[in-house]
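Remarks on the overall topology
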Amino acid sequence: MLGRFPALAGADLEVDTGEVVLLSGPNGAGKTTLLRLCAGLLALRAGEAEVLGVDLAVEPRRVRRAVALVGHETFCYDDLTVAENVRFVARSTGHTTADADGALEQVGLARVMNVAHGRLSQGQRRRLSLANALARKPLLLLLDEPHAGLDEHGREVLEEVVRAAPGAGCTVLLASHELDLARRLATREVRIVAGQVHPMPVAPAPTAPAAQAAPVEPELEART
Amino acid sequence: MTFLRDALLVAGKDLRIERRSRVALQQIVPFGGIVVMLFAFALDSDRTLLRQAAPGLFWAAVLLAVLLAVGRSFSIEEANRARDGLRLSGLDGGSIFLGKAAAVAVELFLLEVIVGAAVVVLYDVSIRGVVVLLCAAVAATLGLAATGTVYGVLAGGLRARETLVPLLVLPAVMPVMLGATRSFQAALDGTPGDAWPWVQLLIAFAVLAVTAGTVAFGPLLEEA
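Thresholds applied
Residues numbered from 1 in each chain as written. Chains lettered and ligands numbered in written order. Predicted model: local features only at pLDDT ≥ 70, side-chain atom pairs only at ≥ 80, totals over all residues. Core = buried A, V, L, I, M, F, W, Y, C linked by C-beta atoms within 7 Å. Buried ≥ 20, exposed ≤ 12 C-beta atoms within 10 Å, placed from the backbone. Helix = DSSP H or I, 4+ residues; strand = E, 2+ residues; numbered from the N terminus. Contact = placed C-beta atoms within 7 Å. Nonpolar A, V, L, I, M, F, W, Y, C, P; charged D, E, K, R; others polar. Axes fitted to C-alpha atoms, helices over the stretch in contact; angles between N-to-C directions. Parallel < 35°, antiparallel > 145°, perpendicular 65-115°, else oblique. Left-handed = near helix turned anticlockwise from the far one by under 90°. pLDDT = per-residue confidence, 0-100. Arc of directions from axis to C-beta. Pairing = 2+ DSSP bridges.

1. Some remarks on the nonpolar core
In terms of nonpolar packing, the biggest core is built from 146 residues, with Leu142 and Leu174 of chain A together with Ala136 and Leu202 of chain B touching the most fellow members. Top contributing element to this core by residue count: helix α6 (residues 130-156) of chain B, with 16 residues. Look past the residues within four positions of Ala136 of chain B in its chain and what remains in contact with it is Ala180, Ser183, Phe184, Ala195, Val199 and Leu202 of chain B.

Below, the structure written as C-alpha cells:
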C-alpha cells in the first residue's frame, strides 16, 4: 500500500535461480516497491511472497541476510570511511573483513577506502552501494536504477558484477529506465505498469551467461 | 555470544561515528556544562541552596543531555536511510538495541564525569559516599540510556521526532530522576545508608528498561 492505494495489487512474478530479470515500466509503477518487498523492507498487507524459498511474512530476517539491495540511498554512515562502512555491512551479515576489502577492490574503491562516505562523489557512492552488496555475498541481488550516477568505468564494473552473478548462484532483479544498457544484461524482461506485472513478448538479447544455470525450483515468488 | 558480538559491533559503530564527528564532545557535553552554569548564575546569591539542590540540578542537566544524545543516536540512522541498512543486515533487534543503548550510556558517563566536576567546582560541593554515587550513577545511566533508546526508535521515523522524544522520554524517566537525586542527596549528606533503597529502585528500573528494550526494539524498528 502507498498511502491508501495498493501498490502491487494482483502482481505475480516467479523467478528462477540464476536469472537476471529486468523490471521496466514508468515512474511510480511499483518497481522500487517490488524490490523493497523482496528485500524484506516492506511488509505485505495481503497476498504472499516467498523469497529464496522463505516466506517473507514468517522469516523476514532470514531473507534479509541472503539478499542485497542497491537502491537510491547507500544505507551508509557519512562519518565512517568507505572501508568502515563496508566492513560493518560484512561483519553484521556474518562475513569477514576480507570479504569487505575484496568487494572494494572489485568495484574499484580500494584507493579511497579511508575517505569518509560524506566526502564521496555521487558515482563513488553508487559503487560503494555495490560494494556493500557484494560484501554480503547475496543469493539475490536487487538493483534499483544501478546505472544512475555511474561513469563509464563504473558501468563496466556493474556489468561485470551482474554477468558474474548467475555463475555464483546469485539471482538478479534489476529495475532500470536505461533499457538499452539493462537489456544487455537481462535474461528476461517484465514490465510493471500500475502494480501489474506483464511479461514482455520478446526476450532481450541473450548476451548474459545466466542461462547456463541449471533450472531449479522457483526461488522467488511474489503474489500480492 | 553472537548476540553480544553483534551488540558490540553496533556500539563500536556508533562510538566510532561519535569520535569522528565529535558531536558528543563538542555539543552535548558543553550543553550539560552550560545548564549547570545557568543554575549556578540563577542561584548564586544563596550558596547553601545551591549545594542542597546540587544533586537535582546535576541530574536535570544529565536528563536534558540524554535527549540530545538519543536524538543524535537516531539521526545518524536517518541519513542515507542507514536505518534500512541496519534492518537489511538481519541483526537481531535486541542486539541492535543493546549496542545503541551502550553507546549512549558511554557518552552519558563521559558527560557525567565532566558535568560532575563542574558541579563540584561551581556549587562548592564536597564529594562523600563515593560507592553510593558510583552505583547510583551506573544504574541511573543504564536506565536513562535504555529508555531513551526505546523511545528514540519509536519516534525515529516520524517528522516530529525532535519534539516527540522529550515528550515521551521525560515522563518515563521520572523514577530515575527521583531515585538518582535522592541517592546522591543522601550520599553527599553523609548518610549513605539512606541511599540504598533509591539505588535499588534505580537498579530495578534499569533492569526493566534493558529487558523491555531488548524485547521491544526489533518490532519497533520494523514499525517506525
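2. Quick word on the interface of chain B and chain A
At the junction of the two partners, chain B supplies 19 residues and chain A supplies 20 residues. Elements represented by at least two residues in the side of chain B that touches chain A include exactly α1 (2-21) and α4 (82-89) of chain B. Here the side of chain B that touches chain A gets seven residues from one element, more than from any other, and that element is α1 of chain B. A per-class count over the side of chain B that touches chain A returns seven nonpolar, five polar and seven charged.

3. A word on the packing of helix α2 (residues 23-42) of chain B against helix α3 (residues 47-78) of chain B
All names here are of chain B. Two numbers describe how α2 lies on α3: the axes approach to 9 Å, and their chain directions differ by 150°. Judged by the angle between their axes, α2 and α3 are roughly antiparallel. Along this stretch, α2 crosses α3, giving a crossing that reads as right-handed. For the pair α2 and α3, the contacting residues are Val23, Ala24, Ile28, Phe31, Gly32, Val35, Val36, Phe39 and Ala40 in the first and Leu50, Leu57, Phe58, Ala61, Val62, Leu64, Ala65, Leu68, Ala69 and Arg72 in the second. Residue classes in the contact of α2 with α3 are distributed as 17 nonpolar, one polar and one charged.

4. Observations regarding the confidence of the model for chain B
For residues with low pLDDT, the predicted coordinates do not support detailed interpretation. When pLDDT is averaged along chain B, the result is 92, and 99% of the positions lie at 70 or above. Of all the helices and strands in chain B, helix α7 (residues 161-172) of chain B carries the lowest mean pLDDT, 87, while helix α8 (residues 174-188) of chain B carries the highest, 96.

5. A word on helix α4 (residues 97-107) of chain A
Residue and element names in this part refer to chain A. For α4, the full list of buried residues reads Asp99, Ala100, Ala103, Leu104 and Val107. Projected down its long axis, α4 shows its buried positions confined to an angular sector of 140°, all on one face. Buried residues along α4 sit against α3 (82-92), α5 (122-135) and α6 (152-164). Of the residues trailing α4, Gly108 is marked for its positive phi of about 80°.

6. Quick look at the sheet that holds strand β6 (residues 140-144) of chain A
All names here are of chain A. The strand order β5-β6-β7-β2-β8-β9 describes an open sheet built from six strands, whose pairing is mixed. Taken across any chain shown, the strands that pair with only one partner, and hence form the sheet edges, are β5 (67-70) and β9 (196-199). Geometrically, the sheet is characterised by an average inter-axis angle of 20° between neighbouring strands, direction not taken into account. Strand direction decides the pairing type here: β6 and strand β7 (residues 171-175), joined by five bridges, are parallel. If you follow Asp144 over to β7, its bridge partner there is Ala175.

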